[in-house]
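Read off the chains here:
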Protein chains: 2
Amino acid sequence: MKDVKAYIEANKDRFLEELFELIRIPSISAESEHKDDMVRCANKWKEYLLAAGCDRAEVMPSAGNPVVYGEKIIDPAKPTVLVYGHYDVMPVAPLELWRTQPFEPVVKDGRIWARGADDDKGQSFMQAKAFEFMVKTGQLPCNVKFMLEGEEEIGSGSLYGFCEEHKEMLKSDVILVSDTSMIAPDVPSITSGLRGLCYWDVEVTGANHDLHSGIYGGAVANPIIILSKMIAGLHDENGHITIPGFYDDVLVISDEERALMAQAPFDEEAYKRELDIRTVHGEKGYTTKERTGIRPCLDVCGIWGGHTGEGSKTVLPSKAYAKISTRLVANQDYNKISKLFKDYFEAAAPECVRVKVTPSHGGAAYVCPMDTKAYRAAEKAMTETYGKRPIPTRSGGSIPIVAGFERILGVKSVLMGFGLGSDDIHAPNENYPLEQFLKGIETIPYFYKYFAE
Amino acid sequence: MKDVKAYIEANKDRFLEELFELIRIPSISAESEHKDDMVRCANKWKEYLLAAGCDRAEVMPSAGNPVVYGEKIIDPAKPTVLVYGHYDVMPVAPLELWRTQPFEPVVKDGRIWARGADDDKGQSFMQAKAFEFMVKTGQLPCNVKFMLEGEEEIGSGSLYGFCEEHKEMLKSDVILVSDTSMIAPDVPSITSGLRGLCYWDVEVTGANHDLHSGIYGGAVANPIIILSKMIAGLHDENGHITIPGFYDDVLVISDEERALMAQAPFDEEAYKRELDIRTVHGEKGYTTKERTGIRPCLDVCGIWGGHTGEGSKTVLPSKAYAKISTRLVANQDYNKISKLFKDYFEAAAPECVRVKVTPSHGGAAYVCPMDTKAYRAAEKAMTETYGKRPIPTRSGGSIPIVAGFERILGVKSVLMGFGLGSDDIHAPNENYPLEQFLKGIETIPYFYKYFAE
């Protein structure tokens with residue numbers, strides 16, 4: 001890929017200006033008041049795809065937020081790469097913990113600070129700029145299609161139907177995704193597996209209204225205490241999840257594979273230091289990397305009930321709520337898990353309360369074997385620009401739609417992401433190192449080159 | 001008390017208008033933005049006390065919100081009644097559950113609907129209007145002092161010091177309080193005991209910032225889950241509180257006294273129907289009335305952490321919080337309990353998190369024996385207006401300062417309240433039946449009459 005470094009050097013200030021315009025649109029899919037921002041963000045993407053060299057780009061309707069589609073077909077006989085990304089971002093609360101405004105990107109200490117700087121505006125924008133480079137320098141070796149959705153952070157609910165409806169338009173030989181992390185700036189890696197996801201909203205109701213905790217306390221069930229007991233019961237003393245049947249479909253990883261995975265560099269002391277924790281905590285019998293890579297887990301992402309404001313209100317609340325999620329591994333069916341949990345948790349409710357479980361979103365786990373042409377092309381591309389062979393990793397995170405692509409479109413995805421563990425995606429002070437952003441733009445064209453060979 | 005009914009009938013519209021002016025001032029002591037409202041409310045009270053017949057009334061400084069003091073001394077040789085009440089009210093959240101605006105009082109279905117309608121603006125205002133009646137009709141048989149504080153709902157923190165400082169001014173033979181409930185409109189009762197209170201703020205910290213639940217989930221402790229386990233462990237399977245030493249000072253009530261208390265009318269089916277619960281829930285071996293009257297209890301008044309908004313944010317939060325309170329019975333020392341809990345809960349924290357317990361407020365339990373002149377005067381007053389002898393009850397609620405009065409001023413309090421269990425004090429849609437409000441004004445003068453005899 002001739003002159004890629006020079007092209008990036010000459011244009012990087014413009015790249016950042018364009019990315020910042022995208023970031024400034026607060027496209028938070030989880031919050032309904034941002035509906036208009038979703039449309040604005042999609043239109044901005046359409047504009048950028050046309051400017052980068054697409055022959056055609058459209059903001060297309062879906063059952064929910066619109067999908068941006070663009071394409072450049074150079075020769076139907078050549079292979080086609082479908083680039084997938086998302087233009088929606090996570091909510092920003094708690095705002096008081098941000099050191100800069102989440103939607104006012106700034107570059108400081110070599111990093112871009114903003115919501116979406118990495119996930120996924122920064123990463124998907126690398127794809128657009130790598131494409132621009134290949135078009136403008138006459139080196140594009142494949143047909144390219146872009147698909148950017150606006151619901152990834154809330155489960156890609158509408159994209160499954162969109163894919164079903166537009167199978168022909170989306171026909172491709174590989175799906176290329178930059179929405180994952182690599183081990184370290186000098187340790188390239190490719191995500192060969194993703195955990196699946198199940199998410200539920202839980203509501204526990206005691207009395208039909210908030211009560212005075214003095215007059216009723218001790219005689220009427222406290223839904224916060226009951227919910228706490230029910231949550232406490234979801235793990236046993238070894239950190240195993242207690243939902244009957246939960247582990248039934250989990251594939252046992254061979255000792256050999258576990259030994260190979262253990263070779264990836266990992267400094268547990270540094271990990272603890274960075275998080276300021278005295279000890280890691282998880283399922284007995286597994287290492288930290290295994291706990292997040294090859295084992296499922298269950299977390300409570302949110303809880304609330306009663307008086308949560310200032311002062312000491314003495315209330316026996318009527319309701320308590322929680323948001324509970326599990327991460328699933330290959331072979332676990334999220335629909336089955338979704339039902340298992342709902343049935344178990346509702347049945348576990350004592351008679352003194354009423355419990356309602358509402359599944360919100362979910363998705364299957366995904367594995368991309370190393371012996372595919374697509375994986376090998378990504379491996380060669382990273383070897384080219386990093387000077388060393390990338391390590392295959394299993395990510396703890398989930399991109400449920402990736403398993404959906406395989407099911408609906410029959411195409412494997414390659415997860416070549418340039419994020420870092422320290423980017424704080426989904427948290428306050430999300431950031432993306434400039435070096436990763438630029439190295440991504442440099443590396444992606446080589447994927448096209450090797451995939452076209 | 002001649003013509004009391006006629007006086008009330010002739011003036012009740014004005015009574016309501018005056019009360020409504022008091023209610024419209026949102027004097028929420030737990031929320032610092034209402035500091036000015038506290039002062040406005042205190043000044044309104046001063047105006048009302050002077051208008052009702054006090055010789056002197058003042059808004060006096062304390063370490064916190066001001067205290068309203070007023071007095072009418074007719075003859076130093078006569079007994080002196082110190083009326084205590086509070087002009088502060090509880091917070092109103094969740095506002096969406098209110099059917100009317102909390103600070104826009106309306107009369108509907110025979111009830112006054114508003115925050116403070118009962119607790120304690122409505123009830124303390126009965127005292128002012130009963131006093132007005134006695135003054136205006138020349139029937140006042142005792143000296144009267146009024147003391148209204150602005151911090152009852154946050155623990156009366158400044159009133160202890162105020163009482164120490166003004167012992168001489170506050171000298172009296174009995175303290176009369178209308179801030180409790182009676183059994184039913186046709187079943188008068190007097191609160192002969194109050195539970196004490198201890199309240200703590202709890203904070204559990206895992207990692208030093210919110211994490212992506214996919215990337216870290218399963219390997220880093222989730223503070224919501226740890227907090228849930230710690231809360232779950234505060235009661236055993238019989239509903240006993242597990243804090244070591246918690247029950248050490250609880251006085252065992254004799255079988256005879258329990259049998260007497262059991263004679264108070266109580267319809268558990270109606271209780272469950274009213275609260276829409278399938279079953280009551282509490283300490284094994286005790287009835288519902290005993291659980292709220294003679295036994296201590298522990299409640300979680302609030303809990304929060306992680307994502308509590310719309311949508312399904314996949315976060316492994318850094319922090320989880322709870323507000324935990326206990327109700328104490330006679331002979332339990334709240335300072336001792338406060339320390340017991342803090343020590344126990346902090347020590348119970350597993351190594352993977354940090355736990356901080358901050359005691360907020362507390363107060364001792366209180367008992368007023370039936371064989372005092374003060375209790376007997378209240379009993380006769382109610383018998384006079386209700387035509388039946390009131391039942392002595394133990395309230396589950398707490399008015400910590402009442403035990404403080406006994407300690408600092410050396411005077412017993414009589415808790416002659418006219419609230420009902422259905423008044424939803426501390427909850428949305430607080431209300432106070434007009435009939436109770438007017439019957440209170442009618443009954444109070446008889447207390448003065450019999451106490452002066």
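Below is a short write-up of the structure. (Residues numbered from 1 in each chain as written. Chains lettered and ligands numbered in written order. Predicted model: local features only at pLDDT ≥ 70, side-chain atom pairs only at ≥ 80, totals over all residues. Heavy atoms only, no water.)

We now examine the overall build of chain A. Scanning chain A from N- to C-terminus turns up twelve helices and 18 strands. For 453 residues, the compact-globule estimate of 2.2 N^0.38 gives 22 Å, and chain A sits close to it at 23 Å. Taking all 453 residues of chain A together, 62% fall into the buried category. Averaged over its 51 positive side-chain charges, chain A has a centre that lies 2 Å from the centre of its 66 negative ones. (Helix = DSSP H or I, 4+ residues; strand = E, 2+ residues; numbered from the N terminus. Rg over C-alpha atoms; globule rule 2.2 N^0.38 Å. Buried < 20%, exposed > 50% of the residue type's maximum accessible area, 1.4 Å probe, protein only. Lys, Arg positive; Asp, Glu negative; His and termini not counted. Charge placed at Lys NZ, Arg CZ, Asp CG, Glu CD.)

Here the focus is the pattern of salt bridges. Under the defined criterion, the tally for this structure stands at 54 salt bridges over all chains. Put simply, D276 of chain A and R354 of chain B hold a salt bridge, and the shortest N to O gap is 3.9 Å. Pair noted here: D276 of chain A is in the loop between α7 (268-275) and α8 (288-293) and R354 of chain B is in strand β14 (residues 354-363), and the two residues belong to different chains. In this structure R354 of chain B comes out as partly exposed when scored by relative accessible area, which is 37%. Salt-bridge contacts for E379 of chain A lead to R389 of chain A; the nearest nitrogen and oxygen are separated by 2.8 Å. With E379 of chain A in helix α10 (residues 373-386) and R389 of chain A in the loop between α10 and β16 (391-395), this pair connects stretches of sequence that are ten residues apart. You can call E379 of chain A buried: its relative accessible area is 11%. Each of R14, E18, K129 and E132 of chain A takes part in a single network of salt bridges with overlapping partners. (Salt bridge = Lys/Arg side-chain N within 4 Å of Asp/Glu carboxyl O.)

So, on to the sheet that holds strand β9 (residues 196-205) of chain A. Taken in spatial order, the eight strands of this open sheet run β14(A)-β9(A)-β13(A)-β11(A)-β11(B)-β13(B)-β9(B)-β14(B), and their pairing is antiparallel. With partners counted over all chains shown, the strands left at the sheet margins are β14 (354-363) of chain A together with β14 of chain B, one partner each. Put simply, the sheet's adjacent strands are angled 20 degrees from each other on average, direction ignored. The pairing of strand β9 (residues 196-205) of chain B with strand β13 (residues 319-328) of chain B spans ten bridges and is classified as antiparallel. (Pairing = 2+ DSSP bridges. Axes fitted to C-alpha atoms, helices over the stretch in contact; angles between N-to-C directions.)

Taken together, the contact pairs 91 residues of chain A with 91 residues of chain B. Across the chain A to chain B interface the summed buried area is about 7700 Å²; carbon plus sulfur atoms make up 54%. Linking chain A with chain B are two salt bridges. At the surface where chain A touches chain B, the tally comes to 44 residue pairs in polar contact (both at pLDDT 80 or more). A total of ten residues in the side of chain A that touches chain B trace back to one element, the largest contributor, which is strand β11 (residues 297-306) of chain A. Of the residues that constitute the side of chain A that touches chain B, the class distribution is 39 nonpolar, 33 polar and 19 charged. Direction of pairing for β11 of chain A relative to strand β11 (residues 297-306) of chain B: antiparallel, over a ladder of five bridges. Residue pairing across strands places G305 of chain A opposite I303 of chain B, the latter belonging to β11 of chain B. (Contact = heavy atoms within 4.5 Å. Buried area = accessible area lost by both parts, 1.4 Å probe. Polar contact = N/O pair within 3.5 Å; in protein donor to acceptor, adjacent residues only side chain to side chain. Nonpolar A, V, L, I, M, F, W, Y, C, P; charged D, E, K, R; others polar.)

All names here are of chain A. Where helix α2 (residues 35-52) contacts helix α3 (residues 121-136), the axes come no closer than 9 Å and their chain directions differ by 25 degrees. One way to sum up the angle between α2 and α3 is to call them roughly parallel. Within the contact between the two elements, α2 uses C41, W45, Y48, L49, A51 and A52 and α3 uses K121, S124, F125, A128, F131, E132, V135 and K136. Split into classes, the residues belonging to the contact of α2 with α3 amount to ten nonpolar, one polar and three charged. (Parallel < 35°, antiparallel > 145°, perpendicular 65-115°, else oblique.)

Take the sheet that holds strand β5 (residues 111-113) of chain B next. All names here are of chain B. On the basis of which strands lie adjacent, the open sheet formed by three strands has the order β4-β5-β18 and antiparallel pairing. Lying at the two open borders of the sheet, with one neighbouring strand each, are β4 (106-108) and β18 (431-433). Across the sheet, the mean angle separating the axes of adjacent strands is 30 degrees when strand polarity is ignored.

Following the criterion strictly, the structure yields 30 aromatic pairs over all chains and no others. Measuring from ring centre to ring centre gives 5.1 Å for F266 of chain B and Y271 of chain B, while their planes differ by 70 degrees; the resulting arrangement is edge-to-face. Relative accessible area serves as the criterion here: at 31%, F266 of chain B is assigned to the partly exposed category. You can call Y271 of chain B buried: its relative accessible area is 12%. Taking 6.4 Å as the distance between ring centres and 75 degrees as the angle between the ring planes, the aromatic pair formed by Y432 of chain B and F437 of chain B counts as edge-to-face. Grouping aromatic residues by their ring pairs yields a cluster made of Y7, F15 and F133 of chain A. (Phe/Tyr/Trp six-rings, centres within 6.5 Å; stacked < 30°, edge-to-face > 60°.)

Placing chain A over chain B gives an RMSD of 0.1 Å and needs a rotation angle of 179 degrees, together with 0.0 Å of translation along the axis. As the rotation angle and translation indicate, the two copies are arranged about a two-fold axis. The share of interface residues of chain A whose copies in chain B are also at the interface is 100%, consistent with both copies meeting through the same surface. (Least-squares fit on C-alpha atoms with pLDDT ≥ 70 in both.)

Turning our eyes to something else, we now look at unusual backbone geometry. All names here are of chain A. With an omega dihedral of -5 degrees, the bond running from D119 to D120 counts as a cis peptide bond. You can see D120 is positioned in the loop between β5 (111-113) and α3. Despite not being glycine, H426 has its phi angle at roughly 70 degrees, a positive value. Relative to the helices and strands, H426 is located in the loop between β17 (413-415) and β18 (431-433).

Residue and element names in this part refer to chain B. Across all of its chains, the model carries zero disulfides over all chains by this definition. Looking at the unpaired C163, the closest cysteine sulfur is the one in C54, lying at 17 Å. Given the relative accessible area of 0%, C163 is considered buried. (Disulfide = S-S within 2.5 Å.)

Quick look at the pairing of strand β6 (residues 143-149) of chain A now. Each regular strand displays side chains that alternate between the two surfaces of the sheet. All names here are of chain A. The element β6 is extensively covered by neighbouring structure, given that seven of its seven residues are classed as buried. Residue alternation in β6 divides its side chains into two sets, N143, K145, M147 and E149 and V144, F146 and L148, and both sets are buried. Pairing analysis gives five bridges linking strand β2 (residues 67-72) to β6, with the strands arranged antiparallel. When the bridges of β6 are listed, Y69 appears paired with M147. Looking at chain direction, strand β3 (residues 80-86) and β6 are connected through seven bridges and run parallel. Of the residues in β6, the one forming a bridge with Y84 is M147.

Before going further, it helps to examine the pairing of strand β8 (residues 189-194) of chain B. Residues and elements named next belong to chain B. Most of β8 is tucked away, with six of its six residues classed as buried. Examined bridge by bridge, β8 and strand β15 (residues 366-367) share two bridges and lie antiparallel to one another. Looking at β15, one finds that L194 is bridged to Y366.

All names here are of chain A. Buried within α7 are the following residues: Y271, K272 and L275. Across the axial projection of α7, the buried residues extend over an arc of 95 degrees, all falling on one side. Among the residues of α7, the N-terminal cap falls to D267, whose side-chain oxygen and the backbone nitrogen of E269 are separated by 3.1 Å. (Arc of directions from axis to C-beta.)

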